[in-house]
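Each chain, written out:
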Amino acid sequence: MEHMSGMTQPKKPRPAIKQADYQRLSEFRYLIRRFLEFSQVQAEDAGLTPRQHQALLAIKGYPGGGPVTVGDLAERLRIRHHSAVELVNRLCEAGLVVRDQDKDDHRRVLLRLTDRADDCLAELSAAHLDELSRIEPMLRRLLDQGRE
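Read on for an overview of the structure. Every chain's residues receive numbers from 1 upward, in the order its sequence appears when written. Reporting in this predicted model follows two pLDDT cut-offs: at least 70 for local features of residues, and 80 or more for side-chain atom pairs to be given and counted; totals over whole chains, interfaces and linings ignore these cut-offs and use all residues. Processing note: side-chain calculations cover all non-hydrogen atoms of the structure and skip hydrogens and water entirely.

**Remarks on the overall build of the protein chain**
Point 1. Counting from the N terminus, the helices are the DSSP runs of H or I reaching at least four residues and the strands are the DSSP runs of E reaching at least two. Scanning the protein chain for helices and strands turns up five helices and two strands.
Point 2. Radius of gyration: C-alpha atoms only; globule rule: 2.2 Å multiplied by the number of residues to the exponent 0.38. Expected size for 148 residues packed as a compact globule is a radius of gyration near 15 Å; at 21 Å, the protein chain overshoots this value by more than 25%.
Point 3. C-alpha extents for the protein chain along the principal axes are approximately 55 × 55 × 25 Å.
Point 4. Partly exposed residues are those whose accessible area sits between 20% and 50% of the maximum for their type, while under 20% is buried and over 50% is exposed, using a 1.4 Å probe and protein chains only. Within the span of the protein chain, comprising 148 residues, buried residues form 26% of the whole.
Point 5. When checking whether two residues touch, look at their non-hydrogen atoms; a contact exists if any pair is within 4.5 Å. Of all intrachain contacts in the protein chain linking residues separated by at least 6 positions in sequence, the fraction that spans at least 24 positions is 52%.
Point 6. Entry remark: accessible area of the protein chain is about 11100 Å², with carbon and sulfur atoms responsible for 52%.
Point 7. Positive residues here are Lys and Arg, negative ones are Asp and Glu, while His and the chain termini are left out of the count. For charged residues, the charge sits on one atom: NZ in Lys, CZ in Arg, CG in Asp, CD in Glu. Put simply, the protein chain has 24 plus and 23 minus side-chain charges, and the middle of one group is 6 Å from the middle of the other. Computed with a 1.4 Å probe, the accessible areas rest on the Shrake-Rupley method; for each residue, only the protein chains presented here act as cover.

Here you go:
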């Protein structure tokens, strides 16, 4: 009997990729990088690291507007739990986030932005929405090309 681990599964046939597809993907990545670079500069100008800005936005913009735990934050930022704990520690030390004990489950710790963080995030978000409105037409064109 042959050992199964040496056998490979037949590959699914891939659709033909045209030069225009490569160009669309390249342009999409370029626009994303441009937006992320803009975001990094804006965060640093506001005295935040890009990760701190992302964390504030993840807490404020959490789906459903519900309370956010460190685990929720780790998931939204796609980082390990212990990294999220360290990030929250730094945000608390900076006076940007407060930890609240869940009234229903005392084992759960909920994260809340301070007024200072709210003000800072509002300024950053206004600038980001403005930048997004600039690149939105280019993104729409790229996405619409895929439907043709």
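That was the structure; now back to the text.
**So, the side chain of histidine 53**
Point 1. Along the chain, histidine 53 turns up in helix H2 (residues 50-60).
Point 2. A residue is classified by how much of its surface remains accessible, and histidine 53, at 3% relative accessible area, is buried.
Point 3. Setting aside chain neighbours within four positions, we find histidine 53 in contact with Ser39, Ala43, Leu48, Leu121, Leu124 and His128.

**Some points on the nonpolar core**
Point 1. Only buried residues count toward a nonpolar core, which is a set of Ala, Val, Leu, Ile, Met, Phe, Trp, Tyr and Cys residues joined through side-chain atoms within 4.5 Å. Core analysis: the largest hydrophobic core is formed by 24 residues, its most contacted members being Leu56 and Leu73.
Point 2. Sorting the residues of this core by element identifies H2, helix H3 (70-77), helix H4 (81-93), strand S2 (109-113) and helix H5 (115-145) as the ones contributing at least two each.
Point 3. If sequence neighbours within four positions are ignored, leucine 56 has contacts with Leu48, Leu91, Leu96, Val97, Leu113, Ala117 and Leu121.

**Some points on unusual backbone geometry**
Point 1. The phi dihedral of arginine 78 is positive, around 60°, even though this residue is not glycine.
Point 2. Mapped onto the elements of the fold, arginine 78 is located in the loop between H3 and H4.

**Considering the packing of helix H1 (residues 19-45) against H5**
Point 1. Working convention: axes come from line fits to C-alpha atoms, limited for helices to the stretch in contact. Angles between N-to-C directions cover 0 to 180 degrees. One can describe the packing of H1 onto H5 by two numbers: an axis separation of 10 Å at closest approach and a directional angle of 180°. Taken together, the axes of H1 and H5 lie roughly antiparallel to each other. Along its contact with H1, which presents Arg24, Glu27, Phe28, Leu31, Arg34, Phe35, Phe38, Ser39, Gln42 and Ala43, the element H5 presents Leu124, Ala127, His128, Glu131, Leu132, Ile135, Met138, Leu139, Leu142 and Gln145.
Point 2. By residue class, the composition of the contact of H1 with H5 is 12 nonpolar, four polar and four charged. Geometric relationships in this document are graded by angle, where less than 35 degrees denotes roughly parallel, more than 145 denotes roughly antiparallel, 65 to 115 denotes roughly perpendicular, and other angles denote oblique. Each residue gets one of three labels, nonpolar for Ala, Val, Leu, Ile, Met, Phe, Trp, Tyr, Cys and Pro, charged for Asp, Glu, Lys and Arg, and polar for the others, Gly among them.

**Details of H5**
Point 1. Residue count minus one, scaled by 1.5 Å, sets the expected span of a helix. Taking 1.5 Å per residue, 31 residues should reach 45 Å; H5 reaches 43 Å between its end C-alpha atoms and fits that length.
Point 2. The largest bend in H5 is about 40°, located at isoleucine 135, with the proline proline 137 one to four residues further on. Bend is computed residue by residue as the angle between axes fitted to the seven residues ending at the residue and the seven residues starting at it.

**What to know about a nonpolar patch on the surface**
Point 1. A cluster of nonpolar side chains, contributed by Phe28, Ile32, Leu36 and Leu143, occupies part of the molecular surface with about 320 Å² of accessible area.
Point 2. Examining the composition of the nonpolar patch, we find that three residues originate from one element, H1, more than from any other.
Point 3. Residue class for leucine 36 comes out partly exposed when judged on its relative accessible area of 40%. Like charges are joined within 9 Å and nonpolar side chains (Val, Leu, Ile, Met, Phe, Trp, Tyr) within 5 Å, but only among residues with over 30% relative accessible area and no salt bridge; these make up the patches. By definition here, a salt bridge exists when the distance from a side-chain nitrogen of Lys or Arg to a carboxyl oxygen of Asp or Glu is within 4 Å.

**Comments concerning the environment of arginine 24**
Point 1. Relative to the elements of secondary structure, arginine 24 occurs in helix H1.
Point 2. The partly exposed category is assigned to arginine 24, whose relative accessible area is 24%.
Point 3. In this structure, the C-alpha to C-alpha distance between arginine 24 and leucine 142, residues 118 residues apart in sequence, is 6.1 Å.
Point 4. Non-local contacts of arginine 24, meaning those with residues more than four positions away in its chain, are made with Leu142, Gln145 and Gly146.

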